[in-house]
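Single-letter residue listing:
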Amino acid sequence: MTKPVEVNGVVIGSGLPKICVPLTGKKKEELLEEASRAKAAAPDLAEWRADYYEHLNCEEDFTQTLKEIKEELGDIPLIFTIRSAEEGGKADISEEEYADRVLEAAESGCAELIDVEVFSRKNTDQLIEKLHTTGAKVIASTHDFHKTDDSEILKKRFLQMDSTGADILKMAVMPAEFDDVASLMQVTNEMVEEHTEKPVISMAMGNLGSISRIAGENFGSAVTFAAIGAASAPGQFPIEELRMMMNVLHKKNIEED
């Protein structure tokens with residue numbers, strides 16, 4: 001049984017999967033315009049993909065931009081993410097700078113959720129422990145833009161993320177065939193039903209994996225990601241299109257029950 005995580009009244013791990021929109025601007029002005037459009041689209045969550053930001057290494061600019069993004073979003077909970085190149089992102093940042101930025105984001109109170117790449121970064125258990133002292137919730141994440149491992153490896157990685165003490169577990173993979181998509185969905189369902197009480201987020205990327213972004217309600221994924229502009233990962237739908245498809249599926253599920 002999943003124990004939901006609540007942030008600003010948004011309950012992750014209960015009810016329909018929550019829709020999150022990424023903000024990917026390089027400049028502050030672009031980010032604030034994206035945040036304004038995100039607010040108008042009324043997602044459940046927003047994510048600042050700070051690895052796109054051109055002043056990520058400048059603490060003063062970074063902190064001010066984070067504050068203004070949050071002011072624009074209002075009560076919409078914000079996930080703070082620095083995605084490394086190794087996991088499909090844009091960040092060229094040292095271990096020390098990575099830890100400093102995510103801790104600054106958590107300590108600011110502007111980001112209620114912090115994404116931590118647990119396999120691409122060092123000392124993540126200690127980092128997660130520090131993040132928790134700020135009151136922020138932590139998403140342990142892993143992204144493979146090249147392949148989908150077999151189901152035993154996927155499950156092992158989920159269990160390793162679970163052991164870090166993070167509040168939510170997230171996995172994204174690139175399928176080569178539909179069996180890869182089915183494997184991820186099955187492993188996600190097994191995690192939720194048998195192995196963890198934490199909310200789990202999973203998606204198979206690209207066109208082949210699009211069903212995983214729509215049907216989280218059916219296999220246990222608690223959050224799905226949608227675009228309000230340029231997609232931040234292959235296969236993201238525009239938010240209104242995704243919301244419509246999820247609602248149609250939800251209606252069918254109710255009718256079949």
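For the structure itself, consult the block above.
A few points on the structure. (Residues numbered from 1 in each chain as written. Predicted model: local features only at pLDDT ≥ 70, side-chain atom pairs only at ≥ 80, totals over all residues. Heavy atoms only, no water.)

So, the packing of helix 3 (residues 95-108) against helix 4 (residues 124-133)
Then, in step 1: The geometry of helix 3 relative to helix 4 is characterised by a closest axis approach of 9 Å and an angle of 20° between their N-to-C directions. The angle between helix 3 and helix 4 places the two elements in the roughly parallel class. The two elements helix 3 and helix 4 cross, and the hand of that crossing is right-handed. Along its contact with helix 3, which presents Tyr98, Ala99, Val102, Leu103 and Ala106, the element helix 4 presents Leu127, Lys130 and Leu131. (Axes fitted to C-alpha atoms, helices over the stretch in contact; angles between N-to-C directions. Helix = DSSP H or I, 4+ residues; strand = E, 2+ residues; numbered from the N terminus. Parallel < 35°, antiparallel > 145°, perpendicular 65-115°, else oblique. Left-handed = near helix turned anticlockwise from the far one by under 90°. Contact = heavy atoms within 4.5 Å.)

So, the pairing of strand 7 (residues 137-144)
It is a general feature of regular strands that their side chains alternate between the two faces of the sheet.
Then, in step 1: Of all 8 residues that make up strand 7, 7 are buried, and the element is covered over most of its length.
Then, in step 2: Here strand 6 (residues 113-117) runs beside strand 7; their pairing, made up of 5 bridges, is parallel. Paired with Val116 across the two strands is Ala140, which belongs to strand 7.
Then, in step 3: Traced from strand 6 through helix 4 to strand 7, the parallel crossover comes out right-handed.
Then, in step 4: Summarising the sheet, strand 7 and strand 8 (residues 168-173) pair through 6 bridges and their orientation is parallel. In the sheet register, His143 faces strand 8, and the bridge partner there is Ala172. (Buried < 20%, exposed > 50% of the residue type's maximum accessible area, 1.4 Å probe, protein only. Pairing = 2+ DSSP bridges. Right-handed = clockwise from strand over helix to strand, strands pointing away.)

What about the nonpolar core?
Considering soluble globular proteins, one finds that nonpolar side chains tend to be buried as a cluster.
Then, in step 1: Counting residues in each nonpolar core, the largest one holds 64 residues, and the members touching the most others are Trp48, Leu73, Phe80, Ile82, Ile114, Val116 and Leu131.
Then, in step 2: The element contributing the most residues to this core is helix 6 (residues 178-195), with 6 residues.
Then, in step 3: Apart from residues lying up to four places away in sequence, Ile114 is in contact with Phe80, Val102, Ala105, Ala106, Leu131, Ala136, Lys137, Val138 and Ile139.
Then, in step 4: Within the second largest apolar cluster, 18 residues are counted, among which are Leu45, Ile79, Ile139 and Ala222. (Core = buried A, V, L, I, M, F, W, Y, C linked by side-chain atoms within 4.5 Å.)

Re the sheet that holds strand 4 (residues 45-49)
To summarise the sheet geometry, strands pair through backbone hydrogen bonds and adopt either a parallel or an antiparallel arrangement.
Then, in step 1: Taken in spatial order, the 9 strands line up as 9-8-7-6-5-4-3-10-11 in an open sheet, and their pairing is parallel. Each edge of the sheet is formed by a strand with only one pairing partner; in this case those strands are strand 9 (200-204) and strand 11 (237-238).
Then, in step 2: Of the pairings in the sheet, the one linking strand 8 to strand 9 comprises 5 bridges and is parallel in character. Bridged to Val173 within strand 9 is Ala204.
Then, in step 3: Strands strand 5 (78-81) and strand 6 of the sheet are contacted by helix 3, whose axis makes an angle of about 165° with strand 6.
Then, in step 4: Lying over the sheet, helix 6 contacts strand 8 and strand 9, oriented at roughly 175° with respect to strand 9.

Concerning helix 1 (residues 28-41)
Then, in step 1: End to end, helix 1 covers 20 Å across 14 residues, agreeing with the expected 20 Å (1.5 Å per residue, within 8%).
Then, in step 2: On its buried face, helix 1 is in contact with strand 3 (18-23), strand 4, helix 2 (59-73) and helix 9 (239-256).
Then, in step 3: Directly beyond the C-terminal end of helix 1, a positive phi value near 55° is found at Ala42. (Expected span 1.5 Å × (residues − 1).)

Examining a nonpolar patch on the surface
Then, in step 1: Together, Phe178, Leu208 and Ile211 make up an exposed nonpolar region whose accessible area comes to about 250 Å².
Then, in step 2: Given a relative accessible area of 37%, Leu208 falls into the partly exposed group. (Patch = residues over 30% accessible without salt bridge, like charges linked within 9 Å, V, L, I, M, F, W, Y side chains within 5 Å. Areas by Shrake-Rupley, 256 points an atom, 1.4 Å probe, with all protein chains shown as cover. Salt bridge = Lys/Arg side-chain N within 4 Å of Asp/Glu carboxyl O.)

Fair warning: the whole summary comes from geometry, so function is off the table for now.
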